[in-house]
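In case you want the letters, here they are:
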Amino acid sequence: MSGRRGAADKPSTHSLETAARKRSRSLAALGYTKPQTYEELRAVLSSGTVHFPKRLRQVAIYLWQHPSDVALGTIAQVAAQAGVQPSTLVRFAQIFGYAGFSDFQSLFKDRMKGSWPETQGSQEKMAEPTADLHFLNGMVGASQASLSRIGNSFDIGAFEAMVDHLSAADLIYVIGSKRAFPVTTYLSLTLSQQGVRNVLVDNVGSSALDQVGCITPSDAVLAVSFSPYNSITPDLVAVAHERKARIVTITDSTFSPLVRLSDTWLEVVEQDFGGFRSLAASLAVGMALVHGVVARRTG
């Protein structure tokens, strides 16, 4: 009996070949060859042709936003940070033709070769006599890392297009909720201070849908949204899209539901520390947009 069980437990050559064919079909179904570089992987993910189930989509968003953490972490660490099981990472890697996560991780490690986090080796650590100061230093570091990402991969073409759309609008609707709300509130205030007519869609009294119901094709929307994308913002932007308004968006990945609704968008990824995310980069980009709009209108 034990001999028969061992034979049954042992994978047959046929079953291994079948598994390999399934992985190959999964990759072929995407219409892409096996990505050989991190840039090729990003191109596949941003193509809009890849449709993942919930957990794999969760992995894709994390990989998109935190490539350095993926390169440096163990499979257990990356899985915990992405909020999935390690087996989900393996399954994600196999979709793209890799035998396992460690092989797939080489794309991220190769990306990091020759570069190091900006804060390493160039600054001496501040003294951290208390837990509060430790947290402060961590948040400062997260803000610096977020701002550094802008300098490394800023899409100037998309930025200029956003300024053009906003400066040509009769009225700008500023939309953002939850973590994005502090950003949109400050952008609306600054636009008003500079004499630019705008409406902050604040949803006071659950009136957000009524607020955007007045949008016309001569207006524009400036939307800000961050993962996990479970706020009211996509619904409000969808209304503006139906009413033919110009839509520009600040968001943190190609998987944002606002991307398909937007005329143009900018990727801004904020670093987190201790479960708290910075807003430094989003505010910096937002202020630059306001400055650009004012300059266009007064120039």
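Just so it is clear, the structure is predicted and the values come from calculations on it, not from any experiment. (Residues numbered from 1 in each chain as written. Predicted model: local features only at pLDDT ≥ 70, side-chain atom pairs only at ≥ 80, totals over all residues. Heavy atoms only, no water.)

1. A look at the sheet that holds strand β5 (residues 264-267)
Hydrogen bonding along the main chain pairs the strands of a sheet, whether they run parallel or antiparallel.
Right, on to step 1. Spatially, five strands are ordered β2-β1-β3-β4-β5 in an open sheet, and the strand pairing comes out parallel. For this open sheet the edge positions go to β2 (198-201) and β5, each flanked by a neighbour on one side alone. Averaged over all neighbouring strand pairs, the angle between strand axes comes to 15°, with direction disregarded.
Right, on to step 2. Pairing analysis gives four bridges linking strand β1 (residues 172-175) to β2, with the strands arranged parallel. The residue bridging Val174 from the neighbouring strand is Leu200, located in β2. (Pairing = 2+ DSSP bridges. Helix = DSSP H or I, 4+ residues; strand = E, 2+ residues; numbered from the N terminus. Axes fitted to C-alpha atoms, helices over the stretch in contact; angles between N-to-C directions.)

2. Brief notes about the nonpolar core
Right, on to step 1. Of all hydrophobic cores here, the largest spans 32 residues; its most connected members are Leu45, Phe52, Phe92, Phe96, Phe104 and Phe108.
Right, on to step 2. Sorting the residues of this core by element identifies α3 (38-45), α4 (54-65), α5 (67-72), α6 (75-82), α7 (86-95) and α8 (101-112) as the ones contributing at least two each.
Right, on to step 3. With seven residues, α4 is the largest single contributor of residues to this core. (Core = buried A, V, L, I, M, F, W, Y, C linked by side-chain atoms within 4.5 Å. Buried < 20%, exposed > 50% of the residue type's maximum accessible area, 1.4 Å probe, protein only.)

3. Thoughts on helix α10 (residues 156-168)
Right, on to step 1. In this model, α10 (13 residues) spans 18 Å end to end at C-alpha, consistent with the 18 Å of a helix rising 1.5 Å per residue.
Right, on to step 2. For α10, the set of buried residues is Ala158, Phe159, Met162, Val163, Leu166 and Ser167. One side of α10 holds all its buried residues, which, seen down the axis, span an arc of 160°.
Right, on to step 3. Backbone nitrogen of Gly157 and a side-chain oxygen of the N-cap are separated by 3.2 Å at the start of α10; the cap is Asp155. (Expected span 1.5 Å × (residues − 1). Arc of directions from axis to C-beta. Polar contact = N/O pair within 3.5 Å; in protein donor to acceptor, adjacent residues only side chain to side chain.)

4. Things to note about the confidence of the model for the protein
Right, on to step 1. Looking at the protein as a whole, its pLDDT mean stands at 83, while 84% of the residues score no less than 70.
Right, on to step 2. Here helix α1 (residues 2-9) is the element of the protein with the lowest mean pLDDT, 44, and β1 is the one with the highest, 98.
Right, on to step 3. Scored below 50 in pLDDT, residues 1-25 shows four contacts in the model against residues more than four places distant or in partner chains.
Right, on to step 4. Of the regions scoring below 50 in pLDDT, residues 114-128 engages in ten contacts with residues more than four places distant in sequence or in other chains. (pLDDT = per-residue confidence, 0-100. Contact = heavy atoms within 4.5 Å.)

5. Examining the packing of α4 against α7
Right, on to step 1. The N-to-C vectors of α4 and α7 enclose an angle of 80°; their axes lie 10 Å apart at closest approach. With respect to α7, the axis of α4 lies roughly perpendicular. Seen from α4, the contacting residues are Arg55, Leu56, Val59, Ala60 and Leu63; seen from α7, they are Thr88, Leu89, Arg91, Phe92 and Ile95.
Right, on to step 2. Taken together, the residues of the contact of α4 with α7 sort by class into seven nonpolar, one polar and two charged. (Parallel < 35°, antiparallel > 145°, perpendicular 65-115°, else oblique. Nonpolar A, V, L, I, M, F, W, Y, C, P; charged D, E, K, R; others polar.)

6. A closer look at the side chain of Asp219
Right, on to step 1. Structurally, the position occupied by Asp219 is in the loop between α12 (208-212) and β3 (220-225).
Right, on to step 2. At 6.2 Å, Arg197 is the nearest oppositely charged side chain to Asp219, a buried residue that forms no salt bridge.
Right, on to step 3. Excluding its chain neighbours within four sequence positions, the residues that come into contact with Asp219 are Ala169, Asp170, Leu171, Tyr173, Cys214, Ala245 and Arg246. (Lys, Arg positive; Asp, Glu negative; His and termini not counted. Salt bridge = Lys/Arg side-chain N within 4 Å of Asp/Glu carboxyl O.)

7. Quick notes on the packing of aromatic side chains
Right, on to step 1. Tallying each qualifying case throughout the model produces twelve aromatic pairs.
Right, on to step 2. Taking the centre distance of 6.4 Å and the plane angle of 50° together, the rings of Phe52 and Phe96 count as tilted. On the criterion of sequence distance, the pair formed by Phe52 in the loop between α3 and α4 and Phe96 in the loop between α7 and α8 is long-range, its members being 44 residues apart. Across the pair, Phe96 and Phe52 agree in class, each one buried.
Right, on to step 3. Both rings, one in Phe92 and one in Phe104, keep their centres 5.8 Å apart while their planes meet at 65°; by these two values the pair is edge-to-face. Taken as a pair, Phe92 in helix α7 and Phe104 in helix α8 lie far apart in primary sequence, twelve residues in all. As far as the burial class goes, Phe92 and Phe104 line up, both buried.
Right, on to step 4. Of the aromatic side chains, those joined through ring pairs into one cluster are Tyr38, Phe52, Phe92, Phe96, Tyr98, Phe104 and Phe108.
Right, on to step 5. Against the face of Tyr98 rests Lys34, its NZ or CZ located 4.3 Å from the ring centre.
Right, on to step 6. The cationic tip of Arg42 hangs over the ring face of Trp64; the distance from NZ or CZ to the ring centre is 3.8 Å. (Phe/Tyr/Trp six-rings, centres within 6.5 Å; stacked < 30°, edge-to-face > 60°. Lys NZ or Arg CZ within 6 Å of the ring centre and 35° of its normal.)

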